[in-house]
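Summary of the model geometry
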Amino acid sequence: MIPPDHKFMKRALTLARKGFGKTKPNPAVGCVIVKNGKIIGEGWHKRAGGHHAEIYALEMAGSNAQGSDVYVTLEPCSHTGKTPPCCDKLIGAGVKRVVAGMTDPNPQVDGRGLLALQKAGIDTVCGVMEEECRDLNRSFIKLMTTGKPYVTYKCAMTLDGKTATMTGDSRWISSAESRSYVHKLRAENDAIMVGVNTVIADNPELTVRHIKGDSPLRVIVDSKLRTPENAKVLSETLSHGTLLATTETDLQLHLPYIQAGATVIICESLNGRVNMNDLLSKLGERGVQSILLEGGSCLAGDALLRGLIDECIFFFAPKVIGSDGLSPFKITGNAAISDSTRFNELKIRRIGSDIMVVTRPELKCSQD
């Protein structure tokens, strides 16, 4: 049998997922209030600036909340932001016990919420289904603990590991179902990132089109500002816009892109190219929690070797290109298998005619 704490936390996680992607910069949170073994109130955080999950659940429970057990996927907040502290509301409602999935990594909370409840005489438990709770808000946790966004690299490749032919042709390697899934990923992330070579070769739009959802910020890593002025990433006007990351300090070279509506930021140079560590820090300062890295191979290879990729999503299509095709990571110099980059936490599923593999590099900077 599933222990009661796990049973009700599982329900709280189901509720929290309803707000996933809609609450940023806040985390997705779910809450369940239980009395005499029955759920009497539940809720989830629906949007930034709106009620937190605990408040919706308390409103549903009403006066019955007194003496109840509260299950919440994230430690209740103890500070005043756009809304009052949830701790005060729980204390005022007279709840008996609070079970949290994890502590809140936000420095303004970070254990203070649980401590406030304990001082009020409320029993607290933390860490129930913690792995699942952390996974739900991995991008929020990454930003709070490192100041950098969570980076997911995605690519479509053939069975022999090629992302394009020798001429650069890659349309379309993956199935229509896989491409729709990628647009879902785009809508869930704060930014899409590609290198300038991808812009020059493919002239992509980098928008959400195959599903309903907002197009995220487009980040072009362009060390020497080679993005064509007629590129689609500049001509498409989006609410979140386009950002070019460069090492060029000559502001006159920035002007055409700024006039086209893009933002240009100067990053530190590393071997003549944008220092990706510096870029990620600058994006974190702008509140970017999550990035979908879509290529190309130079950018992806550099990010992988420097431990800047937290997760990879590979779509394998039932096709073969051959030895002249292009690889997803431009990495050279590995003389032995022991030199290779290793991955773990492998998950596999079928999408259309393709196989999707989700995995995480052993070398990563995520703190989740």
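Refer to the structure above for everything that follows.
Calculation criteria
- Residues numbered from 1 in each chain as written.
- Predicted model: local features only at pLDDT ≥ 70, side-chain atom pairs only at ≥ 80, totals over all residues.
- Heavy atoms only, no water.
- Helix = DSSP H or I, 4+ residues; strand = E, 2+ residues; numbered from the N terminus.
- Buried < 20%, exposed > 50% of the residue type's maximum accessible area, 1.4 Å probe, protein only.
- Areas by Shrake-Rupley, 256 points an atom, 1.4 Å probe, with all protein chains shown as cover.
- Pairing = 2+ DSSP bridges.
- Axes fitted to C-alpha atoms, helices over the stretch in contact; angles between N-to-C directions.
- Contact = heavy atoms within 4.5 Å.

1. Brief notes about the overall build of the protein
Secondary structure summary: the protein contains twelve helices and 16 strands in total. The dimensions of the protein, computed from C-alpha atoms along their principal axes, are 70 × 50 × 40 Å. For the protein, the proportion of its 368 residues judged to be buried stands at 49%. Only carbon and sulfur atoms are counted for the fraction: they give 49% of the accessible area of the protein, which is about 17400 Å².

2. Focus on the sheet that holds strand S16 (residues 354–361)
Taken together, the nine strands give an open sheet; going across it, the order is S10-S9-S8-S7-S13-S6-S14-S16-S15, and neighbouring strands pair in mixed fashion. Taken across any chain shown, the strands that pair with only one partner, and hence form the sheet edges, are strand S10 (263–266) and strand S15 (343–351). When the angles between neighbouring strand axes are averaged without regard to direction, this sheet yields 20°. Helix-sheet contacts for helix H7 (residues 176–188) involve strand S6 (150–158), strand S7 (191–195), strand S13 (290–295), strand S14 (311–317), S15 and S16, and the interaxial angle to S13 is about 140°.

3. A look at the pairing of strand S2 (residues 38–44)
Looking at chain direction, strand S1 (residues 30–35) and S2 are connected through six bridges and run antiparallel. Paired with Val32 across the bridge in S2 is Glu42. Adjacent in sequence and paired antiparallel, S1 and S2 are bridged by two residues, among which Asn36 carries a positive phi angle near 55°.

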